[in-house]
Amino acid sequence: MSRLVVISNRLADPRKAAAGGLAVALGEALNQTGGLWFGWSGTVVEGGTPGEGELHTRQAGPVTLATVDLCREDHDAYYQGYSNSVLWPVFHYRLDLADFNASYIAGYRRVNQMFARKLLPLLRDDDVIWVHDYHLIPLAAELRAMGCRQRIGFFLHIPMPPPLIMAAIPQHEWLMRSLFAYDLVGLQSEADVSHFTRYVRNEGSAEEVGAQRLRAFGGTVQVQAFPIGIDVDEFTRLAQAPDAVETYENMRDEYSRRRLLLGIDRLDYSKGIPHRVRAYRELLDRYPENRNSATMIMIASPSRDDVHAYSDLRQELEGLCGSVNGDYGELDWMPVRYIHRTVARKRVPGLCRAAAVGLVTPLRDGMNLVAKEYVVAQDPEDPGVLVLSRFAGAAEQLKEALLVNPYDTQGTADSIQHALQMPLAERQARHGKLMARIREHDVHWWRKAFLAALQTAGD
Ligand code: ADQ
């Protein structure tokens, strides 16, 4: 069996359960092959030399973790700049939030080149290399330029935007051309594959050369959707463990006279959190029977606080929650509980199970794993209802959720009301179908399907 090499911006120690399903799943594959995991150490060195970072290696069981430090200038241009102020907003259709500062691209290229340079001597001839996410789009092209001939696959965790949105990035052609240095490009959904295909047809005169293979920009690549899943068994175990049970019981007792609506997200403008508060306000307004009853809990973990758009979002959200509580609250009832914090992973299933409605309403999302976690945490005998944005990648799979357009405040409020009123038999039927699909396409399926396709891509 070939050794697996995983490259991602950040690493997690695959032995720690707190790392979450993705790290566990990748860790499992790395453990099997005695693999290598490579990325940024998370350390920013003040005053270091651009394009130079110290390499650190350590063992985590059979897996070697190799990380590189970034100097301040590289971090600001590669990570905060091009990755999170250009690629993240544009790939989530937010051209209004993109900052096309011309200095970012040089840092993005420099860090990708440095990663390639540091990684190359660690590689073996028969390695299979799996690169993750938008920070590292040109990595394979840099590796190829240095003579790397191993199989290299890429998985994009965020959406692939439609061609005309992609075209707003000044370097769009260079980015898309870079993807042709991979043997396999994996995307989250069929919609993403269709955007990719349309782009390369329009801009690169692509031709189809066999199933899921496209030739353009002088190269050939296989492009396929691999919708990422969660580790259903791990999450079920977590749900049955004492911490989750205790969380569930505390919530049930605390809110015994109320119905809970739950949102758990990173505090990010792609997650549609203010839109969700507006829909909730509309629910209280249009359906007054929910006043003094339907309580919304929103747990938003701090994220990229130092990027400007995120501090604006935080302020907007605090204002919205305050006004709903001021207008609708009672002495003994606070309509919205907004908590700007990461809750311990072991408590997430208990929170989900206590909620009659799971609100997952991003404006755009590659997949959204919270949607899947919410479903798996439910009691099959008395499950809650998932209200899911049609703009989450997960909506392609989770058709039995109540699909909403988060820009449509009234429509979303109506769907939340529908969820709160849904009869038990219908809740059970929908939950059963959702569970079957989530179980079938879990994170192990995703990892195996991607690696199997990578092994044969181009044969
Ligand atoms: P994210 O945007 O980070 O990931 P998501 O898929 O929702 O989003 O995963 C978040 C994970 O963090 C979940 O396991 C969730 O339980 C946890 N989490 C979120 N907020 C939390 C909080 N406040 N407290 C505790 N835990 C919290 C990116 C893409 C997604 C894609 C994933 C995986 O943006 O679209 O689904 O990668 O590919």
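Residues numbered from 1 in each chain as written. Predicted model: local features only at pLDDT ≥ 70, side-chain atom pairs only at ≥ 80, totals over all residues. Heavy atoms only, no water.

Student: Lay out the layout of surface pockets with the relevant residues and their values.
Tutor: A volume near 380 Å³ is recorded for the second largest pocket. Taken together, 20 residues make up the lining of the second largest pocket; nearest its centre are Arg-353, Ala-354, Ala-355, Ala-356 and Asp-382. Elements supplying a minimum of two residues to the lining of the second largest pocket: helix H9 (242-254), strand E11 (259-266) and helix H12 (348-354). Tallying contributions element by element places H9 first for the lining of the second largest pocket, with three residues. When grouped by side-chain class, the residues that make up the lining of the second largest pocket number ten nonpolar, three polar and seven charged. (1 Å grid on protein atoms, 1.4 Å probe; cavity = no way out; pocket = protein on both sides within 12 Å on 5 of 7 lines; lining within 4 Å. Points joined across faces, edges and corners; volume = space filled by probe spheres on them. Helix = DSSP H or I, 4+ residues; strand = E, 2+ residues; numbered from the N terminus. Nonpolar A, V, L, I, M, F, W, Y, C, P; charged D, E, K, R; others polar.)

Student: Outline the site of the ligand, listing residues and values.
Tutor: Among the 22 residues in the neighbourhood of the ligand, the closest are listed as His-157, Asp-365, Met-367, Leu-369 and Glu-373. A distance of 3.3 Å is found between a nitrogen atom of the ligand and a backbone nitrogen or oxygen belonging to Ser-301. Within the backbone of Leu-369, an N or O atom sits 2.8 Å from an oxygen atom of the ligand. In the complex, 84% of the free accessible area of the ligand, which totals 720 Å², lies under the protein chains. Among the secondary structure elements, those contributing two or more residues to the shell around the ligand are E11, strand E12 (294-301) and helix H13 (369-377). Of the residues that constitute the shell around the ligand, the class distribution is nine nonpolar, six polar and seven charged. (Near = heavy atom within 4 Å. Polar contact = N/O pair within 3.5 Å; in protein donor to acceptor, adjacent residues only side chain to side chain. Areas by Shrake-Rupley, 256 points an atom, 1.4 Å probe, with all protein chains shown as cover.)

Student: So, the sheet that holds strand E5 (residues 128-132): which residues are in play, and what are the values?
Tutor: Ordered in space as E3-E4-E2-E1-E5-E6-E7-E10-E9-E8, the ten strands form an open sheet in which the pairing is mixed. Looking at the sheet topology across the chains shown, the edges are occupied by strand E3 (55-60) and strand E8 (207-208). As judged from the six bridges shared by E3 and strand E4 (residues 63-71), these two strands associate in the antiparallel manner. Bridging from a neighbouring strand, His-56 pairs with Thr-67 of E4. Docked against the sheet, helix H3 (residues 104-119) engages strand E1 (4-7), strand E2 (36-45), E3 and E4, running at close to 145 degrees with respect to E4. Sheet strands touched by helix H7 (residues 190-204): strand E7 (184-187), E8, strand E9 (213-216) and strand E10 (219-225). Its angle to E10, the strand with the most contacts, is close to 155 degrees. (Pairing = 2+ DSSP bridges. Contact = heavy atoms within 4.5 Å. Axes fitted to C-alpha atoms, helices over the stretch in contact; angles between N-to-C directions.)

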